[in-house]
Structures are given as C-alpha cells and as structure tokens.
Amino acid sequence: APPPGTNPLALDAPAAGSGAYAGARTFEELPLSAATRAALKQAKFTQLTAIQRAALPHALAGRDVLGAAKTGSGKTLCFLIPGGWSQISWGPAHSSGSGGARGPLVELLFRRRWGKLDGLGALVLTPTRELAMQIFDELVKVGRRHEISAGLLIGGKKVSEEATRVASLNVLIATPGRLLQHMDETPGFDASGLQMLVLDEADRILDLGFAATLDAIIANLPRARQTLLFSATQTKSVRDLARLSLDHPDNHMVGPQQN
Ligand code: ADP
Ligand code: MG
C-alpha cells in the first residue's frame, strides 16, 4: 500500500492499535457510507465479530492487514466492507459491467481514482469455487446499494468465453489457477489499476499447492495497492506469503485475541 499521506483523498490514518474506530463494537460506529449502512441493516448485521473489531478499523484506514481467526468468525466482511467506508458521496456510476453484483468496493475505487471507475479495481483470491461463490453471495448482500460490477472466475468455462466479461468487471473473485490463466491468455487483461488485493483463506490456498501461482500473480500486480490477507491459521508459509505480499506485515497482524 502507498505510505499514509500520499493519497490526497485518504482520511487520516490513525496509528495502529489506537485508531479512532479501534473500539467500535457495531457497524454503526464505523465510518461507513449510507449505502453500506443500509445494506448491512437490510442483511441484519449489527454487532461486529471479534475479528471484525480487530481488522476493520485498520482495513478502513487503508492499511494492509494480516488477519487470523477461525472458520466462521466473519472474516469475509473484513475485506468486503473496506471499500464502503468513505464519507464522501459520489456521483452516478461510471461503470455498470455486464450483470453481476454491485459491490461495496466502489467508494474506495472512486476515491483512489479521483472519481473515475473503469476496469479492475479489486481482486479477491480464494482457494475453492465454493468459497468464491460464498464470497460473491456476501458481496451481493453488503454491496447491493453500490454501483460496481463484480464477477466470479472459477473455471468450468473456456477462458476465451469469459474474456470479454473479465475486461468489464471492477471486482473479480477468483481461484488462483483460473486468474493466472486469464493473466496469461486473455488479450488486454489489465490489472494495472488494481487498488485492493485480498488473499482469503491463505493457509488453504497454500495447502492446495498454489504458492507458485500466487507468486506469479502477485508479481504482475501493481505494488501501490492495499492488501488484506486472511487465514484461519498462522503457519510459517502464511507468514512467508505475508512478507511477499504485504507492506510491513509485522505491523499489521490482527486477531480477535488482541481485542
Ligand atoms: P469466515 O470467513 O471467518 O469463515 P464468514 O465470513 O464466512 O466466516 O462468516 C460466517 C457467517 O457469519 C456468515 O454466514 C456471515 O454472513 C455471518 N456473519 C459475518 N459477520 C457477521 C456479523 N457481524 N453479524 C452477524 N453475522 C455475521
Ligand atoms: Mg472465509
């Protein structure tokens, strides 16, 4: 991620652990847009889970996060919401994509791009198709009032059949192998405007043998991005991945126990 202060649209980033929103226990206490608040309410999400209390203030402040918490603890919202935190209101959508969900990353993407949203802004990598579909469903819930297009890249189709659609989406939720295939084979695949990379269930991604695939993907992404890495366990290989992908990973480790 870029050092704090380089983004003219960034809110003040409070010091790690002592941020203005560090004590927040409900979504209402976080600096979220009206659209995200309304969607959370509609989905009946009110109280933050422990990992959300630990991770969201950092992620919302634009920092990289390495978050560890067990399965079922609510890690998905830790990375799906951070786009929806802006108090700035934006004009009409610039991109509608071709179907797909409307996701909460839009405000972050608009902010960082000075109001222009086109092309790929956020990439979520997850180990399996099932997890990708679950993330997509959660994105539809929490992002239904935002104007942004999102899609799944999880195989089951020819790469060439997906190619046109891929170029039109702002958020991709993908399994690593399929994403790398698109990077290699889809003409005009462009990640140069990527603002946020999410590595979800990173321990399982590595257990499934995707370490080299991840390295190849990350090597092709812009370095000035925010990276959120979530994992159920903190293994050595997860920490190695954090070193490769995060900006100052040792400063950004959060877990529910630190709350
Ligand atoms: P993890 O990725 O840590 O395994 P998930 O993000 O899939 O966990 O969340 C597990 C379940 O908890 C999901 O059904 C999700 O909708 C729900 N959930 C997440 N955060 C909250 C919350 N703050 N309040 C109520 N339910 C939540
Ligand atoms: Mg998960």
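Sequence order sets the numbering: in each chain, residues are counted from 1 along the sequence as written. Chains and ligands are labelled sequentially in the order written, the chains with letters from A and the ligands with numbers from 1. Local features in this predicted model are restricted to residues whose pLDDT is 70 or higher, and side-chain atom pairs enter the listing and the counts only when it is 80 or higher, whereas totals over whole chains, interfaces and linings include all residues. Only heavy atoms go into the side-chain values, all of them from the structure, while hydrogens and water stay out.

Side note on the side chain of His182
Here comes step 1: A run of H or I in DSSP becomes a helix once it reaches four residues, and a run of E becomes a strand once it reaches two; helices and strands are each numbered from the N terminus. Along the chain, His182 turns up in helix 7 (residues 176-185).
Here comes step 2: Note on His182: relative accessible area 0%, which makes it buried.
Here comes step 3: A distance of 2.7 Å separates the side chain of His182 from the side chain of Glu162, its partner in a polar contact.
Here comes step 4: Discounting chain neighbours no more than four positions away, the residues touching His182 are Leu153, Val159, Glu162, Ala163, Val166 and Phe189. Only protein chains enter the accessibility calculation, which uses a 1.4 Å probe; a residue whose area is less than 20% of its type maximum is buried, one above 50% is exposed, and one in between is partly exposed. Nitrogen and oxygen atoms within 3.5 Å of one another constitute a polar contact, given that in protein one can donate a hydrogen and the other can accept it, and given that sequence-neighbouring residues count only through two side-chain atoms. We call two residues in contact whenever any of their non-hydrogen atoms come within 4.5 Å of each other.

Quick word on the site of ligand 1
Here comes step 1: Throughout, near means a residue has at least one heavy atom within 4 Å of the molecule or strand. In the vicinity of ligand 1 lie 14 residues, with Gln47, Gln52, Gly72, Lys75 and Thr76 positioned nearest.
Here comes step 2: Within the backbone of Ser73, an N or O atom sits 3.2 Å from an oxygen atom of ligand 1.
Here comes step 3: Here Glu138 contributes a side-chain N or O atom positioned 3.1 Å from an oxygen atom of ligand 1.
Here comes step 4: Using a 1.4 Å probe, the Shrake-Rupley method yields the accessible areas, and only the shown protein chains count as cover for residues. Protein chains shield 71% of the accessible area of ligand 1, which is 560 Å² for the free molecule.
Here comes step 5: Among the elements that take part in the shell around ligand 1, helix 3 (residues 75-80) stands out by supplying three residues, more than any other.

Side note on the UniProt feature "short sequence motif: Q motif" (unreviewed entry) in the protein chain
Here comes step 1: UniProt positions are given in the numbering used here, feature names are shortened, and annotations may be inferred rather than shown by experiment. Per the UniProt entry, the sites bearing "short sequence motif: Q motif" (unreviewed entry) are residues 25-53 in this numbering.
Here comes step 2: Structurally, residues 25-53 comprises 45% helix and 0% strand, and the distance from its first C-alpha atom to its last is 6 Å.

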